[in-house]
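# Observations on chain architecture
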2 protein chains.
Amino acid sequence: MNRRHLLSLTAAGSAATLLPRSALAVPDVKLEKGSTILFQGDSITDASRDRKTEGSANNPAMLGRGYPFHLAGQLLADHASLGLNIFNRGISGNKVPDLDARWQQDCLGLKPALLSILIGVNDIWHKLSGKYDGTPEIYRDGFSALIKRTKEALPDVTLVICEPFVLRCGAVNDTWFPEFETRRSFAADVAKAAGAIWVPFQEKFDEAVKAGTEPAYWAGDGVHPSQAGHALMAKVWREAVGI
Amino acid sequence: MNRRHLLSLTAAGSAATLLPRSALAVPDVKLEKGSTILFQGDSITDASRDRKTEGSANNPAMLGRGYPFHLAGQLLADHASLGLNIFNRGISGNKVPDLDARWQQDCLGLKPALLSILIGVNDIWHKLSGKYDGTPEIYRDGFSALIKRTKEALPDVTLVICEPFVLRCGAVNDTWFPEFETRRSFAADVAKAAGAIWVPFQEKFDEAVKAGTEPAYWAGDGVHPSQAGHALMAKVWREAVGI
């Protein structure tokens, strides 16, 4: 499983306007027999997962109804000899400080060999609705500190940082911009500094909309992906991570 | 979408010992904008789907946690321009006569353009446990009559008939054989007579076990697929159906 991930080189995607494509480091994916893969994030990752089966690796209900469910199935089927243990610990409503508060229990303690994080939409959404006052810089610095803490505790972890994205429909109106793009560029900065694999969700959703489908086909409220949206995410994730 | 499905020609798979590979007719898949795809069957198809959202096409909870969930996501993402409406109406415990009893409401009334059926495990399992007395011939004739009724009501439907399968573990012991193989061959006969696309699940699970994984990795009780098993089914289905 230790091989160069050339696909990641072309996956910097929508960050290309923000930083040079070749500037994203492309680490190897280190997975061994019995390795743990962990998906972390907010409601997009959570996707109605069952809390009662939270400790049960590869449990369908625990995985939720989103991109981690699709990816767990595909990775378990395509890499059966590895006997992977896959978990979803996304929690609806989470922002960076919420991840930080539960990081020991819900990430470091699980000792993932591969950690995939998608966080950032609530950090702006809750600010726009007056429930939170974190600036884009607070998002960047908190995210960066979380990654530093992660690498200190898990020096061999393969880090996958997913681009926060929105569709232009539903709850997503002009008040989100340009701040949302600043936050996306900060996520890319964090990924680059960490040598993480970058998953270009925004670019791929933008391409899908340009190809002729309505934004709401992919996410009715602009934030939470549809059945189609989650499947597209799984596809983009696999292309970027290369497994 | 109207094109020859060459993949189906090589998908007769495990039926190859039962009938000539070229004997399976290979129909075109007829899908148009707004077409309905319906998954029908027993608990393997049901996969804990939510009944309250049963009428809501493409709803993640309605789709359950099995191969129809995987397939719905992939088909909706890869054929976004079609605007498909995908339903799961599998019901746990069902045998052929149970499908027949609810066929008007749960199949014909939905007017699917593509209908995928996986049925047969309970027809033998309930017989082995003394709860049912249907022979393999009753399975074959009932299945055949159900398909005839379907084609009369929906003359343009694209039919996909899935091979019943078991893994050799859990509840599946020697008492299942050779009767289970007779039933599999009867399912293949029904598919052939109907000109349906045949999805060779048994062959592909057998290959996966031969490659070195334990049968229980794919289905703990020998009947109900794991997260890995359902994802493999989705892959095999797409290869066979060609969409």
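Let me sum up the structure you'll find in this document. (Residues numbered from 1 in each chain as written. Chains lettered and ligands numbered in written order. Predicted model: local features only at pLDDT ≥ 70, side-chain atom pairs only at ≥ 80, totals over all residues. Heavy atoms only, no water.)

### What to know about the nonpolar core
- In terms of nonpolar packing, the biggest core is built from 156 residues, with F143, F201 and W237 of chain A together with F143, F201 and W237 of chain B touching the most fellow members.
- The residues touching F201 of chain A, leaving out its near neighbours within four places in the chain, are L118, C162, E163, F165, M233, V236 and W237 of chain A. (Core = buried A, V, L, I, M, F, W, Y, C linked by side-chain atoms within 4.5 Å. Buried < 20%, exposed > 50% of the residue type's maximum accessible area, 1.4 Å probe, protein only. Contact = heavy atoms within 4.5 Å.)

### Focus on the packing of aromatic side chains
- The final tally for this structure, using the stated rule, is 23 aromatic pairs over all chains.
- Considering the side-chain rings of F177 of chain B and F180 of chain B, the 6.3 Å spacing of their centres and the 80° angle between planes classify their relative orientation as edge-to-face. Accessibility classification places F177 of chain B together with F180 of chain B in one group, the buried group.
- Ring pairs connect the aromatic residues F39, Y67, F165, F201, F205, Y217, W218 and W237 of chain A, which therefore count as one cluster.
- One Lys or Arg, R140 of chain A, reaches over the ring of F186 of chain A and ends 4.6 Å from the middle of that ring. (Phe/Tyr/Trp six-rings, centres within 6.5 Å; stacked < 30°, edge-to-face > 60°. Lys NZ or Arg CZ within 6 Å of the ring centre and 35° of its normal.)

### Digging into helix α9 (residues 201-210) of chain A
Residue and element names in this part refer to chain A.
- Listing the buried residues of α9 in full gives F201, Q202, E203, F205 and A208.
- Structurally, α9 contributes buried residues whose contacts are with β3 (114-118), β4 (158-162), α8 (179-194), β5 (197-199), α10 (215-218) and α11 (227-241).
- Positive backbone phi, at 120°, marks G212, one or two positions downstream of α9. (Helix = DSSP H or I, 4+ residues; strand = E, 2+ residues; numbered from the N terminus.)

### Re the environment of T182 of chain A
Residue and element names in this part refer to chain A.
- Mapped onto the fold, T182 is located in helix α8.
- By relative accessible area, T182 is classed as partly exposed at 29%.
- Separated by 16 residues in the primary sequence, T182 and V166 place their C-alpha atoms 13 Å from one another.

### Thoughts on the sheet that holds strand β3 (residues 114-118) of chain B
All names here are of chain B.
- Spatial strand order, β2-β1-β3-β4-β5: five strands in an open sheet with parallel pairing. Strands at the two margins of the open sheet, each flanked by one partner only, are β2 (85-88) and β5 (197-199). Sheet twist, expressed as the mean angle between neighbouring strand axes with direction ignored, is 15°.
- As judged from the four bridges shared by β3 and strand β4 (residues 158-162), these two strands associate in the parallel manner. Residue I117 lies in a different strand from β4, and its bridge partner there is I161.
- The strands touched by helix α3 (residues 67-78) within the sheet are β1 (36-41), β2 and β3, with β1 carrying the most contacts at an inclination of about 165°.
- In the packing of helix α11 (residues 227-241) onto the sheet, the strands contacted are β1, β3, β4 and β5, and the crossing angle to β5 comes to about 155°. (Pairing = 2+ DSSP bridges. Axes fitted to C-alpha atoms, helices over the stretch in contact; angles between N-to-C directions.)

### Structural notes on the sheet that holds β3 of chain A
Residues and elements named next belong to chain A.
- Here five strands make up an open sheet; going across it, the order is β2-β1-β3-β4-β5 and the pairing parallel. Looking at which strands have only one partner, the edges of the open sheet turn out to be β2 (85-88) and β5. Sheet twist, expressed as the mean angle between neighbouring strand axes with direction ignored, is 15°.
- Relative to the sheet, helix α7 (residues 136-153) contacts β3 and β4, its axis offset from that of β4 by approximately 165°.
- This element, α11, spans β1 (36-41), β3, β4 and β5 of the sheet and lies at about 155° to β5.

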